[in-house]
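Overview (structure and organization)
Okay, here's what each chain looks like letter by letter:
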Amino acid sequence: SNCFQLNNQDAFSVTMNQIQNLSPEQRQAVMVQAQQEANAQIMRDMVNKMATACFQKCAGTSGDRLDNREQGCMASCQDRYLDTRAQVQEALQKRQGSL
């Protein structure tokens, strides 16, 4: 079997005309690569939002360190985000598997 792989730069520099000239297997590889990149970006965005949202919610004015209440709040907030992240990851994997 012919294995077709693209590096990130190649996958996103392929134009629509070039895509039309690809074999079905090559088109599938481009689609999978694009979906993987989109999924990774979704996860990076979620982690960034988690850090910002949890800090804004939990950090007070206790100085340059989080007190016990703030630390507990951060841990709970991050746990909720990570649970959500796991659910999102599972959904993304199912969506990717359907390509």
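Quick look at the structure, then. (Residues numbered from 1 in each chain as written. Predicted model: local features only at pLDDT ≥ 70, side-chain atom pairs only at ≥ 80, totals over all residues. Heavy atoms only, no water.)

This part takes up the overall build of the chain. Looking only at helices and strands, the chain has 4 helices and 0 strands in total. Helices and strands appear in the chain in the N-to-C order α-α-α-α. Counting the 99 residues in the chain, one finds 17% classified as buried. Long-range contacts, defined as pairs at least 24 residues apart, comprise 58% of the intrachain contacts of the chain with a sequence gap of at least 6. Surface exposure of the chain reaches about 7,400 Å², of which carbon and sulfur atoms provide 49%. (Helix = DSSP H or I, 4+ residues; strand = E, 2+ residues; numbered from the N terminus. Buried < 20%, exposed > 50% of the residue type's maximum accessible area, 1.4 Å probe, protein only. Contact = heavy atoms within 4.5 Å. Areas by Shrake-Rupley, 256 points an atom, 1.4 Å probe, with all protein chains shown as cover.)

The final tally for this structure, using the stated rule, is 2 disulfides. Across the disulfide from Cys 54 sits Cys 77; the S-S distance is 2.0 Å. An S-S torsion of about -85° defines the bridge between Cys 54 and Cys 77 as left-handed. Of this pair, Cys 54 sits in helix H3 (residues 24-58) while Cys 77 sits in helix H4 (residues 68-97), and the two are 23 residues apart along the sequence. As far as the burial class goes, Cys 54 and Cys 77 line up, both buried. Each disulfide pairs two cysteine sulfurs, and for Cys 58 the partner residue is Cys 73, the sulfurs being separated by 2.0 Å. (Disulfide = S-S within 2.5 Å.)

By themselves, these are just geometric observations and shouldn't be taken as functional.
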